[in-house]
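What follows is each chain in one-letter form.
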Amino acid sequence: MASSNGLSVAIAVLLGCASHVGYVGAASGREPTPGYPEAVIQWGVQRGETCDDIAKVLYGSSSHVGLIQRYNRVACGPGATLAEGLTLVLPAEVTSIPDAKIRAMRPDVRARPAGGAWSPATPGMPLLANSSVNTLDEGRADIEFVDRTRVLLAPNTLVVIHGTASRTRVSTTPPAAVELSDGEVKAALAALRGQTVEVASGGGRVSASSRDTVVQRRGERTTVAVFDGKADVTSGGLSVVVPKDHGTRFVGRAPPARPRPLPPRPEWTASTSAEVATIALAPAGLGVLSASWKPAPQAAGYRVEVARDPEFNDLVVREEVKPDVVSFRAEKMPAGAYFLRVRVIDREEYLGVGAVRRFHLVAARAAGGVALSAGEIAASPYGIVELTPSPALELAIDGGPFGPVPERIDLLQRAPRELRLRERGGAASGAATSLPVRYTTVGAAIQASRAADGVALEARVELEGLEGIDVARRVAPRLIAHLPGGVRSAALTGGDRGGALTARIPLPPEATRSGEPLRVRLDVADGRGGVLGTRDVDLPAAPTAPAGAAAPPPPAQPVLGAYVPMLPVSAVADVLWLGPTPPAVVAAGAAVSRAGDGWVAAGQVRASGAVGPLGLDVALRSSPAGDGEAAGSAGWLGARLRVVRLGRSAFELSPSLRLGVPLADAGPPVRVEPGVALGGAAGRLTWVVNAGVRIRAAGGEGGAAGGGELAAPPAQGFLVAGGTADAAPWLRLHGALDLHLVHRDGGANDVLGALSAGAEAGGALFGALSVRVSPWRGAGEGPATAQIAIGLREAPP
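Residues numbered from 1 in each chain as written. Predicted model: local features only at pLDDT ≥ 70, side-chain atom pairs only at ≥ 80, totals over all residues. Heavy atoms only, no water.

J.: Tell me what's going on with the sheet that holds strand S40 (residues 486-491), and back it up with residues and numbers.
T.: The four strands lie next to each other as S40-S39-S43-S44, forming an open sheet whose pairing is antiparallel. Strands at the two margins of the open sheet, each flanked by one partner only, are S40 and strand S44 (531-539). With strand direction ignored, the average angle separating the axes of adjacent strands in the sheet is 20°. (Pairing = 2+ DSSP bridges. Helix = DSSP H or I, 4+ residues; strand = E, 2+ residues; numbered from the N terminus. Axes fitted to C-alpha atoms, helices over the stretch in contact; angles between N-to-C directions.)

Pasting the structure below:
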């Protein structure tokens, strides 16, 4: 019975009386019904109804009776009644469409219309009534009729297409779909709906209710083999019913022979199972199909077929081989699912029942040190296996659960020992294909020696078994040295274009001063800690200095901060920005500043240095000259003790104490300045922070001409922070921010601040220039100060 898919509305159609009801599917706008080339309806046959009756009701005339046979294999003779209750699929209106089309084909197929000339066939080509199709030596064709039945043509086959709508209405039997002139066809129904596929051959006719019936014609002899359903074979006025797995034949118009069993299916060898699908890898997308079977008694040959579908309609290979050939192998097969069928051809040339095997070729690609074969993976532990997922398969890693086939398996992360593949839903059979993963050996050849300077170990490493691997990213090798006093390691680098890797590891001081040879165990490990190679090496004793020669001095520590920082002409802001370890320097200079309503200038002399961790500094400022207001002459004496130094001054910390004294009657009173200095160096950059408080001695006066805002306050807190950068070995640039919280006489509090920047250039003899800008200043203080100095210093490191 035909399907009612796509039918959405049912209406009643009266056939001359109210007792007859036919159900018609209304297709909107006469659009094709899904699965059909046109709009169709369904018709339920009533008792005594004929094709003429239906044609008159639906199409207005019995002349359109041929449309009744378009999708239905029924006899429409005059007065012939149809079976009551039969459901017919009918065109919704009078149309003319091709009776069949070439659904698929292989090369070497030609076709011609009735009365026309031969031309190359193409997939999708429409076939009208009385068209002919001819497959040549390498050709195959799949012909699909409008009722969705199919006829498959083997090589060297000639058929004539008979259009069902063009058959004469006096016919009392269903029309034949094709007429076989020579060769072989396979008749196949899309679904068993109580219909048949009709094939005419010689003087006989085959009516197959089957998905797989093969009709062969060689000269006057026609052979029929039924592998599914049944077939009625008529010739010479007699008919026989051929059941499944039986066959018959007739010659010319002679009656058909009594049906006989077809040759049984051959047996697969012990290594080949028909129950379990064979699953194999297809490296680079190309794989191998192979199978073997036991010799069959009475076999005159075998037919071997490979198809992409289980019905063997989409054939890839069809070969007939001699009886001594009992194995098959196909190489470079694209990845995908395949079905292999082997049939016996007996001495009477009957085609036997097929033995079928399933294959799945899984496209696989090796990425980095992986070699693939059909049944094994030979891989570097750092490689990657890339698979093309198939919805028909599922995969398990080692003893884990089955799941969808992943696109990528990273062997570095998963380290599987076995991949198991099976068909989806194959848990019941418990059968799975095992693909062992065999890992290649990775090794490391190590050579090492003491560096020329004697203070480090230098190693050269060649890695083995890592061809195709990105060593730096996937392996990340390191050299590990077991030394006196502990373990040290360093990354192995280099190795471009397969060259050796190298590493340098500093030796501990005792290994450089002992004067004895040194035995060291060296390991090469990957980024996960896995050891790739190990070796004990003997390093010669460190070279000793000649007798009487002094050991080279240690490298000088970098200077933190500026050599000559800004010294403002002020009793409030004259806080020096000095590092935790004062530099060895003597300098003289002058500063000029805007103060009150005029300009003032003052000279200065400074000196600083360090003895071990103890640092000292002295700063003397003269009385100001000019028409502005400023604090009088004063001197500062300071000391600081470095309590922390990390590495080459990566970080330093020093508490400090400075004492300020007046050097003239108008100078500021005695002041005490406890604080802390910290800083550090990183390459060409240094940073320094000073923080502390300044307290005026009891009973002291402000010390500024006229007192007021420029006088030394009773107390203040300060913070000075900045950094330096060495633009060149002879040029240092510096900048700093200074902030002051000032408590003045009378109880008022102020917050003052300024930004300073400068440069120092030269060697042991150098010059310095600084500028200070005061955005936050007290009344009477000028907005800017400039300073220039020249001095002698210890040469920069």
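Structure shown, so let's carry the discussion forward.
J.: An account of the sheet that holds strand S30 (residues 377-379) is requested, with residue identities and associated values reported.
T.: One open sheet accounts for six strands, arranged S29-S30-S36-S35-S32-S33; its pairing is mixed. Each end of this open sheet is capped by a strand with a single partner; those strands are strand S29 (370-372) and strand S33 (403-404). The pairing of strand S32 (residues 393-397) with strand S35 (residues 418-423) spans five bridges and is antiparallel. Looking across to S35, one finds that Leu-395 is bridged to Leu-421.

J.: If you had to explain the pattern of salt bridges to someone new, which residues and values would you point to?
T.: Under the defined criterion, the tally for this structure stands at 44 salt bridges. One salt bridge in this structure joins Asp-410 and Arg-474, with 2.6 Å as the shortest N-O distance. Here Asp-410, found in strand S34 (residues 408-410), pairs with Arg-474, found in helix H3 (residues 471-475); they are 64 residues apart in sequence, far enough to count as distant. Both residues of the pair, Asp-410 and Arg-474, belong to the buried class. Taken together, the salt bridges that share partners define one network made up of Glu-184, Asp-212, Arg-303, Glu-305, Arg-318, Glu-320, Arg-341 and Arg-343. (Salt bridge = Lys/Arg side-chain N within 4 Å of Asp/Glu carboxyl O. Buried < 20%, exposed > 50% of the residue type's maximum accessible area, 1.4 Å probe, protein only.)

J.: Outline the state of the cysteines, supporting the account with residue identities and numerical values.
T.: Summed over all chains, the structure comprises one disulfide. Disulfide partner of Cys-51: Cys-76, at an S-S distance of 2.1 Å. Looking along the S-S bond of the Cys-51-Cys-76 disulfide, the torsion reads about -65°, which is the left-handed sense. Taken together, the residues Cys-51 in helix H1 (residues 51-59) and Cys-76 in the loop between H1 and strand S4 (87-91) connect sequence positions 25 residues apart. Given a relative accessible area of 5%, Cys-76 falls into the buried group. (Disulfide = S-S within 2.5 Å.)

J.: Kindly report on the packing of aromatic side chains, identifying the contributing residues and their values.
T.: Tallied over the entire structure, the rule returns five aromatic pairs. Geometrically, the ring pair formed by Trp-268 and Trp-293 is edge-to-face, given 6.5 Å between the ring centres and 80° between the ring planes. Of the two residues, Trp-268 sits in the loop between strand S21 (260-261) and strand S22 (278-283) while Trp-293 sits in the loop between strand S23 (286-292) and strand S24 (299-307), which places them 25 residues apart along the sequence. Note on accessibility: Trp-268 and Trp-293 belong to one class, buried. A centroid spacing of 5.6 Å and a plane angle of 65° characterise the contact between Trp-293 and Tyr-302, whose relative ring orientation is edge-to-face. The buried category is assigned to Tyr-302, whose relative accessible area is 0%. Ring pairs connect the aromatic residues Trp-268, Trp-293 and Tyr-302, which therefore count as one cluster. Stacked on the ring of Trp-118, the Lys or Arg Arg-110 has its end atom at 4.3 Å from the ring centre. Over the ring of Tyr-563 we find Arg-793; its NZ or CZ atom is 4.4 Å from the centre of that ring. (Phe/Tyr/Trp six-rings, centres within 6.5 Å; stacked < 30°, edge-to-face > 60°. Lys NZ or Arg CZ within 6 Å of the ring centre and 35° of its normal.)

J.: Outline a nonpolar patch on the surface, listing residues and values.
T.: A contiguous nonpolar patch, built from Val-605, Val-618, Leu-620, Leu-637, Leu-657, Leu-659, Val-661, Leu-663, Val-670 and Val-672 and spanning about 760 Å² of accessible area, is present on the exposed surface. Among the secondary structure elements, those contributing two or more residues to the nonpolar patch are strand S47 (614-621) and strand S51 (651-662). Here the nonpolar patch takes three residues from S51, the largest share from any one element. One can find Val-618 in strand S47. (Patch = residues over 30% accessible without salt bridge, like charges linked within 9 Å, V, L, I, M, F, W, Y side chains within 5 Å. Areas by Shrake-Rupley, 256 points an atom, 1.4 Å probe, with all protein chains shown as cover.)

J.: Residue-level account of a negative patch on the surface, with values.
T.: A surface patch of like charges, here negative, comprises Asp-108, Asp-137, Glu-138 and Glu-319. Classification of Glu-138 as exposed rests on a relative accessible area of 60%. (Lys, Arg positive; Asp, Glu negative; His and termini not counted. Charge placed at Lys NZ, Arg CZ, Asp CG, Glu CD.)

J.: Report on H1, specifying residues and quantitative values.
T.: Residues Cys-51, Asp-52, Ile-54, Ala-55 and Tyr-59 constitute the buried set of H1. For H1, the angular spread of the buried residues around the axis is 160°, confining them to a single face. Against the buried residues of H1 lie strand S3 (40-44) and S4. Downstream of H1 by a residue or two, Gly-60 has a phi angle that is positive, lying close to 85°. (Arc of directions from axis to C-beta. Contact = heavy atoms within 4.5 Å.)

J.: Any chance you could break down the nonpolar core for me, citing the residues and the numbers?
T.: The biggest cluster of nonpolar side chains holds 32 residues, and the ones touching the most others in it are Ile-143 and Val-159. When residues in this core are grouped by element, the largest group, four residues, is from strand S13 (residues 178-188). Those residues within four positions of Ile-143 in sequence are excluded, and the remaining contacts are Ala-100, Lys-101, Arg-103, Leu-127, Val-133, Thr-149, Arg-150, Val-151, Leu-153, Val-159 and Ile-161. Grouped together as the second largest cluster of nonpolar side chains are 28 residues, Leu-412, Ala-444, Ala-490 and Leu-518 included. (Core = buried A, V, L, I, M, F, W, Y, C linked by side-chain atoms within 4.5 Å.)

Any link to function would need more than the numbers given here.
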